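# Per-entry structural report
The chain contents come next:
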Amino acid sequence: MREGVLVKPYERLEREQLERIHNASLSILRDPGIVSYNREATDIFKENGAEVSSHGSYWRISIPEELVEESVKHAPSVVKLGAREKENSLILDGKEPRVRFGTGSEANVILDMDVEDFVSEKTGIRSSFPVFKRRRGTVQDLCQAAHLCEHLQNVDFFIRTVNIQDEDITENNKDVNKFYASLSNTKKHVMAGLTNVEKLDDVIRMAEIISGGRGSNEPIISFITCVTKSPLQLVDDTTQNLIEIAKRGYPVSISASPQGGSTAPLQEAGMLAQLNAEILTGMTLAQLVRKHTPVLYGSVPLRVRMDNLDNMYGAPETNQYNIGGVQMARFYKIPCYSTAGIADSKFPGIEASVNKQLSHLFIALSGAQYIHYAFGLLEGSNTFSPEQAILDDVHIGIIKSLLREQKIEAEIGQGVKEIREVMSTSHKMFTRSTRKYLRADEFIPFYPFGGDGNETLLKARMRKEELLSAPVEEIPADMKDVIFQEFDVLDRIK
Amino acid sequence: MKIIEETMEHIQENVIKGRRNKEDEDFEGGSVGELGVEELVGEALEGGLKPKEIIECINEAMDVVGTRYESGEFFIPDMMASAEAVSAGMKVLEPHLASTGESMDKFVIATVEGDLHDIGKNIVALFLKGGGFDVIDLGVNVPAETIVKTVKEEDAKLVGLSALLTTTMQRMGEVVEKMRIHGVDAKVLVGGAAVSAEYAEQIGAIYCKDAFEAVKVAKGG
């Protein structure tokens, strides 16, 4: 099992303030309530006591406070996520601030990096520089990203990083290929959104074949669905996805992504009240469909830029909103699917890493159980860079080391012994004791991508090549035969 | 003969593992209770091996340590543990070398006047001891006169000077100059953060980038 790092969480908000946000969310859900474009959800809320009024193309639903509070009580605190390799499974406990990092988004653009030599006009010196090319993501890129993440030590779970936009990918074969590309290249837990709800059973069946019939008790896949369009509007298709996933008892992250300054209030309190109201709507619906549906509190709030309303992940407010989201999830004792590590920069390297490290640190420190978006994302979440994912892996390793539990009681005696021993040597260096820890995974002996000029990215590229040449254990041939017979998996990824 | 060969192999193995004696741990904290370099050198002598042969065997193991460091497999603490293990073995060997009329080359080492930094100097000293040199360590903040006087009195043919600061680095030139004035003929090795190969050449010394290179240069490599 991937244990994650148990942290002593940073609490930006007091308990009383969390209660005020909770009450504010309940008050919003009653008045003005939510707008729904999904008939089945509307009916479910109505049957359970919500007031519904029809407005032609949509319904307005006023949800009573007690319905929300009662339903949320049924959401389990502990969500178990399986994996092809059992050692990669995760037990997310909403009561315990144990931090794990994974990938995320469905980036449209892949950033290819090449290396070219340039000669200085001034000095005539030849140097190697990275050059970049942007292109649309394909199913093979998704395979490669999953393969890479399989070998990145700090990736605890895999959410499809790339939007597969091949010409022969259609609404009917996208889900099966998206999940197959991921599952066949990583033995970690796989999570994704659904393109076509009619393919949900195909995807579940495929995962059950691969897992040897482990099913929803130890699911090797889970889902994300963003049921609300901010502010407070239930979208027809994603809401239907949630209803169908809940009926099947599969874990689902109910994600909401209000944008401070455009689709949500800019100031923290109003933003958190709305974010929480949107997530509570999805959580309530999931529990009304099927009691004890395993859900994650999907907190993806962010602030927008004021010059063009693009997402601004590097804004300090984005981190404040996200810390609040983590605390609200803990308030309800539900595991938090949180957000960190997206750079606003379009290219990998220093600017992107500084941008990312700020949110990696704060969100991990706040104790989120399931931090997505953490690897390789640039330009908001529009671009995936494998080289940046390599750097992020090391940087997240640093964050994990930084936040690991202290062991003062266990170490103090040894520390005093070491000092006494070293003081009796001529060189007075703590080498012998240090040496033992060098080979423990929790220490990095030095920053592996350091160097002059462009060496960081050139080294990251070399590392990528190394990792991609290391194999991933294939899905057994007999399982593959069944999958290929039953589902439309593209030949080039078989 | 077979027993001797096995002992030699064990010595090399333990030099690489950095184990001085049976109380020491290896890389992962194991091997406690097994014989270390100190005890194994004693066994080798009892078995009739000559000190010079033991030193050769140790040197071969230190070459392996150096190669592993260069390749990134070993880190500084590993090298220092190995050098400590060798140094412990050399202490056992010293009286035997003296009794057979063999002697170790003397090496005077110091951090120059005005400078109190000694981590690098201490590492080099440890490596030199491990490399079979009789190291006379004068410590830190040592005036040029003291260094020259010691080199003369000890009749040392090798001197190592260390400086971290660009300001104190200038003292190295002073030492070389004073040695020339007093007619002291010794090879001067310099190193430290501020020092460069260009500077060393300018003052008539030899630049060593790390402890391994210092040992190599001291041995005439």
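Residues numbered from 1 in each chain as written. Chains lettered and ligands numbered in written order. Predicted model: local features only at pLDDT ≥ 70, side-chain atom pairs only at ≥ 80, totals over all residues.

### A short note on the sheet that holds strand 23 (residues 383-384) of chain A
Residue and element names in this part refer to chain A. Strand order in this open sheet of four strands is 9-8-23-22, and the pairing throughout is mixed. Two strands close off the open sheet at either side, each with one partner strand: strand 9 (126-136) and strand 22 (377-378). Where strand 8 (residues 109-119) and strand 23 come together, two bridges link them in parallel fashion. Bridged to Val109 within strand 23 is Thr383. (Pairing = 2+ DSSP bridges. Helix = DSSP H or I, 4+ residues; strand = E, 2+ residues; numbered from the N terminus.)

### A closer look at the environment of Lys86 of chain A
Residues and elements named next belong to chain A. Counting through the fold element by element, Lys86 comes out in the loop between strand 5 (78-81) and strand 6 (90-93). Looking at Lys86, the number of C-beta atoms within 10 Å reads 13, which means it is partly exposed. For the pair Lys86 and Ser426, spaced 340 residues apart in the sequence, the C-alpha separation amounts to 50 Å. (Buried ≥ 20, exposed ≤ 12 C-beta atoms within 10 Å, placed from the backbone.)

### Here's the deal with the pairing of strand 3 (residues 51-54) of chain A
Residue and element names in this part refer to chain A. Relative to strand 4 (residues 59-62), strand 3 runs antiparallel, the two sharing four bridges. When the sheet's bridge partners are listed, Glu51 is paired in strand 4 with Ser62. Between the end of strand 3 and the start of strand 4, which pair antiparallel, lie four residues, with Gly56 showing a positive phi angle near 80°.

### Some points on the domain arrangement of chain A
Domain annotation for chain A reports domain 1 (5-9 + 76-403), domain 2 (15-72) and domain 3 (408-438). Using only C-alpha atoms to locate each centre, domain 2 of chain A and domain 3 of chain A end up separated by 61 Å. (Domains from an automatic or database assignment.)

### Thoughts on the nonpolar core
One finds Phe179, Leu242, Val252, Ile254 and Ile371 of chain A to be the most contacted residues of the largest nonpolar core, which totals 124 residues. In terms of residues, this core owes the most to one element, helix 8 (residues 268-289) of chain A, which gives eleven residues. Both of domain 1 (5-9 + 76-403) and domain 2 (15-72) of chain A provide at least three residues apiece to this core. Other than its neighbours up to four places away in sequence, Leu242 of chain A contacts Thr225, Val227, Val252, Ile254, Gly282, Leu285 and Ala286 of chain A. Among the nonpolar cores identified, the runner-up in size contains 66 residues, and Val108, Val159, Ala200 and Ala218 of chain B belong to it. (Core = buried A, V, L, I, M, F, W, Y, C linked by C-beta atoms within 7 Å. Contact = placed C-beta atoms within 7 Å.)

### Some thoughts on the domain arrangement of chain B
Residue and element names in this part refer to chain B. Taken as a whole, chain B is organised into domain 1 (2-99) and domain 2 (106-218). Here the C-alpha centre of domain 2 lies 27 Å away from the C-alpha centre of domain 1. At the interface, nine residues of domain 1 touch seven residues of domain 2. Elements with a contribution of two residues or more to the side of domain 1 that touches domain 2: helix 3 (51-70) and helix 4 (76-99). Per element, the largest residue contribution to the side of domain 1 that touches domain 2 is six residues, and it comes from helix 4. Each residue belonging to the side of domain 1 that touches domain 2 can be placed in one class, and the counts come to six nonpolar, two polar and one charged. (Nonpolar A, V, L, I, M, F, W, Y, C, P; charged D, E, K, R; others polar.)

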